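# Structural description and commentary
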Amino acid sequence: MKVLITAGPTREPIDAVRYIGNRSSGRMGAAIASAATTAGHAVTLILGPVSVPMPAVDRRIDVETASQMHLAVLGEFPAHDLLIMAAAVADYRPKHVHAKKLARTGGTHTIECEPTEDILAAAGVTKQPDQRTVGFSLEMAGNLARAREKLVRKRLDLIVYNPTQTMGSDDVESVLLWADGRTENLASRSKAEFGEVLVNRASELFSR
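Summary of the structure given here. What you see is a predicted model, and the numbers here were worked out from it, not measured in a lab.

## Comments concerning helix 1 (residues 27–38)
- In this model, helix 1 (twelve residues) spans 16 Å end to end at C-alpha, consistent with the 16 Å of a helix rising 1.5 Å per residue.
- All of the buried residues along helix 1 are M28, G29, A30, A31, I32, A33, A35 and A36.
- The positive-phi residue at the C-terminal boundary of helix 1 is G40, with phi of around 95°.

## Examining the pairing of strand 4 (residues 42–47)
- Counted residue by residue, strand 4 has five buried out of six residues, so it is predominantly covered.
- As paired elements, strand 1 (residues 2–7) and strand 4 share six bridges and run parallel to each other. Across the sheet, V3 pairs through a bridge with V43, a residue of strand 4.
- As defined by bridge partners, strand 4 adjoins strand 5 (residues 59–62) across four bridges and the pair is classed as parallel. Following the sheet pairing, T44 is matched in strand 5 by R59.

## With respect to unusual backbone geometry
- Backbone geometry places R155, a non-glycine residue, at a positive phi of 60°.
- Position of R155 relative to the elements: it lies in the loop between helix 4 (144–153) and strand 10 (158–163).
- With relative accessibility at 49%, the residue R155 sits in the partly exposed group.

## Digging into the pattern of salt bridges
- According to the stated counting rule, one finds twelve salt bridges in the structure shown.
- Among the salt bridges present, the one from D118 reaches R153, with a minimum N-O distance of 3.3 Å. Here R153 lies in helix 4 and D118 lies in the loop between strand 8 (113–115) and helix 3 (119–126), a separation of 35 residues in the sequence.
- Classification of R153 by relative accessible area gives partly exposed; the value is 42%.
- Its salt-bridge partner being D180, residue R182 comes within 2.9 Å of it at the nearest N-O pair.
- Each member of the salt-bridge network shares a partner with another, and the members are D118, E149, R153 and K154.

## A few points about the nonpolar core
- Ranked by internal contacts, the top residues of the largest apolar core, which has 31 residues, are I5, I32, I84, F136, F194 and L198.
- Listing elements by their share of this core, those giving two or more residues are strand 1, helix 1, strand 4, strand 6 (82–85), strand 9 (132–139), strand 10, strand 11 (171–178) and helix 5 (191–204).
- Per-element accounting of this core gives the leading share, six residues, to helix 1.
- Core analysis: the second largest hydrophobic core is formed by 23 residues, A72, M85, A123 and L156 among them.

Rules behind the numbers
Residues numbered from 1 in each chain as written. Predicted model: local features only at pLDDT ≥ 70, side-chain atom pairs only at ≥ 80, totals over all residues. Heavy atoms only, no water. Helix = DSSP H or I, 4+ residues; strand = E, 2+ residues; numbered from the N terminus. Expected span 1.5 Å × (residues − 1). Buried < 20%, exposed > 50% of the residue type's maximum accessible area, 1.4 Å probe, protein only. Pairing = 2+ DSSP bridges. Salt bridge = Lys/Arg side-chain N within 4 Å of Asp/Glu carboxyl O. Core = buried A, V, L, I, M, F, W, Y, C linked by side-chain atoms within 4.5 Å.

Everything listed is a geometric property; what it means functionally is a separate question.
Here you go:
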């Protein structure tokens, strides 16, 4: 298969030096990309500002903001069979970006934010019958209902529910939810081991 994988956080600028971001390291995406490459698939990685080493893949595209990742994913997805969206894309960005560094004044400062692009939902709209999409839902413990809602709304074939403790951890305890209603609880395991399982389950999507 030709597999498109996103990984890492995005950084949404506030001014010339500051940004809104998150604690995602990119470790999950690295594990999935490594597993996909080992399985013999052609892998394209679209990366936010990751803080861990990435495996060697066929193509690597580095981006910084959600908007840049949105454009990269929609540009690359038509040439791929499978999209695995493991990146932790910021949900909001500052509505106004200051060209210079904001000076400290001692008072409060309010930042008005607007939603970023929903990349997976956009990919779901353009998805062809021979393509599959896999997403992640990082939620508070036990909130499977929100993961299921995302699965339907974004037209995904498979979604991975992760508790928030997954971010920055070496291990992951997850639940896989399929579009046909099936679920699979996966006991805690290393992200490298999880990557192998996910690539295997994603490959099976093409036989259904």
